[in-house]
Amino acid sequence: MTKTDLINRNAFLKQLGFSSAAILATACLGSCSAADTTVAPLASDIVLDLTATSNAALANNGGYVVLSSQNVVVARTNTGAYAAVTLICSHEGQRKITYRTSEFYCTEHGARYDNNGVGLNSEGSKGLKTYATSLSGTTLTIKAS
């Protein structure tokens, strides 16, 4: 086989009748459906001292902290309430949930969720696992159940 006999993958698939958009759509569908998005329950309540430097972002509306070892994101909403959700995105199981502009957001593929974990776009349609929170003085508790 000579170098001129070689054909790249894209050209080959086009000869078969596939468009570039169809090829990309097929690739995404395959990878999106294979992810494990199971969220394990919390082993116990999480207790945060809001005066601790590590939790300073929670002093301001719109601030958030990521508790990686527990797979939890805690945010102070724009109304001053606290919301806690899983760090694991329901779209593809990525551990990339953050908080921005009054909503939880996955930085991997743009899945969006409201403060109650309800999906706001097609990537977020499965919603997020949420956790109840309670505040006593400067102690915030994220409930395991």
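Analysis parameters
- Residues numbered from 1 in each chain as written.
- Predicted model: local features only at pLDDT ≥ 70, side-chain atom pairs only at ≥ 80, totals over all residues.
- Heavy atoms only, no water.
- Helix = DSSP H or I, 4+ residues; strand = E, 2+ residues; numbered from the N terminus.
- Buried < 20%, exposed > 50% of the residue type's maximum accessible area, 1.4 Å probe, protein only.
- Contact = heavy atoms within 4.5 Å.
- Salt bridge = Lys/Arg side-chain N within 4 Å of Asp/Glu carboxyl O.
- Pairing = 2+ DSSP bridges.
- Polar contact = N/O pair within 3.5 Å; in protein donor to acceptor, adjacent residues only side chain to side chain.
- Phe/Tyr/Trp six-rings, centres within 6.5 Å; stacked < 30°, edge-to-face > 60°.
- Core = buried A, V, L, I, M, F, W, Y, C linked by side-chain atoms within 4.5 Å.

A. Structural detail: the overall build of the protein. Each helix and strand in the protein was counted, giving 2 helices and 10 strands. The buried share among the 145 residues of the protein stands at 32%. Partitioning the intrachain contacts of the protein with sequence separation of at least 6 by distance along the chain shows that 38% fall at a separation of at least 24.

B. Expanded view of the pattern of salt bridges. Under the defined criterion, the tally for this structure stands at 3 salt bridges. Ionic pairing is found between Arg 112 and Glu 103, a salt bridge with its closest N-O pair at 2.7 Å. Residue classification places Glu 103 among the buried residues on the basis of a relative accessible area of 9%. Bridged by salt links that share partners, the residues Arg 100, Glu 103 and Arg 112 form one connected network.

C. Spatial organisation of the sheet that holds strand β6 (residues 103-106). Spatially, 3 strands are ordered β5-β6-β7 in an open sheet, and the strand pairing comes out antiparallel. Two strands close off the open sheet at either side, each with one partner strand: β5 (97-100) and β7 (112-113). For β6 and β7, the ladder comprises 2 bridges, and the chain directions are antiparallel. Bridging across to β7, Tyr 105 finds its partner in Arg 112.

D. Summary view of the side chain of Ser 90. Here Ser 90 shows up in the loop between β4 (82-86) and β5. Classification of Ser 90 as buried rests on a relative accessible area of 8%. Within the structure, the side chain of Ser 90 is placed 3.1 Å from the side chain of Tyr 113, a separation counted as a polar contact.

E. Fine view of the packing of aromatic side chains. Enumeration over the complete set of coordinates arrives at 1 aromatic pair. When the ring of Tyr 99 is compared with that of Phe 104, the centres are 4.9 Å apart and the planes differ by 70°; the resulting orientation is edge-to-face. Overall, the relative accessible area of 4% leaves Tyr 99 in the buried class. Owing to a relative accessible area of 0%, Phe 104 belongs among the buried residues under this scheme.

F. Molecular detail of the nonpolar core. Among the nonpolar cores identified, the biggest contains 15 residues, and Leu 48, Val 72, Val 74 and Ile 142 are the most heavily contacted of them. Elements represented by at least two residues in this core include exactly β1 (46-49), β2 (64-67), β3 (72-76), β4 and β10 (139-142). When sequence neighbours within four positions are dropped, the list of residues in contact with Val 72 reads Leu 42, Ile 46, Val 65, Val 66, Leu 67, Ala 84, Val 85, Thr 86, Leu 87 and Tyr 131. In terms of nonpolar packing, the next biggest core, distinct from the first, is built from 13 residues, Val 73, Ala 83, Ile 97 and Tyr 113 among them.

G. Structural view of the environment of Val 118. With respect to the helices and strands, Val 118 occurs in the loop between β7 and β8 (130-131). Separated by 14 residues in sequence, Val 118 and Phe 104 have C-alpha atoms that sit 9.5 Å apart.

Honestly, that's just the spatial picture; any functional story needs more than this.
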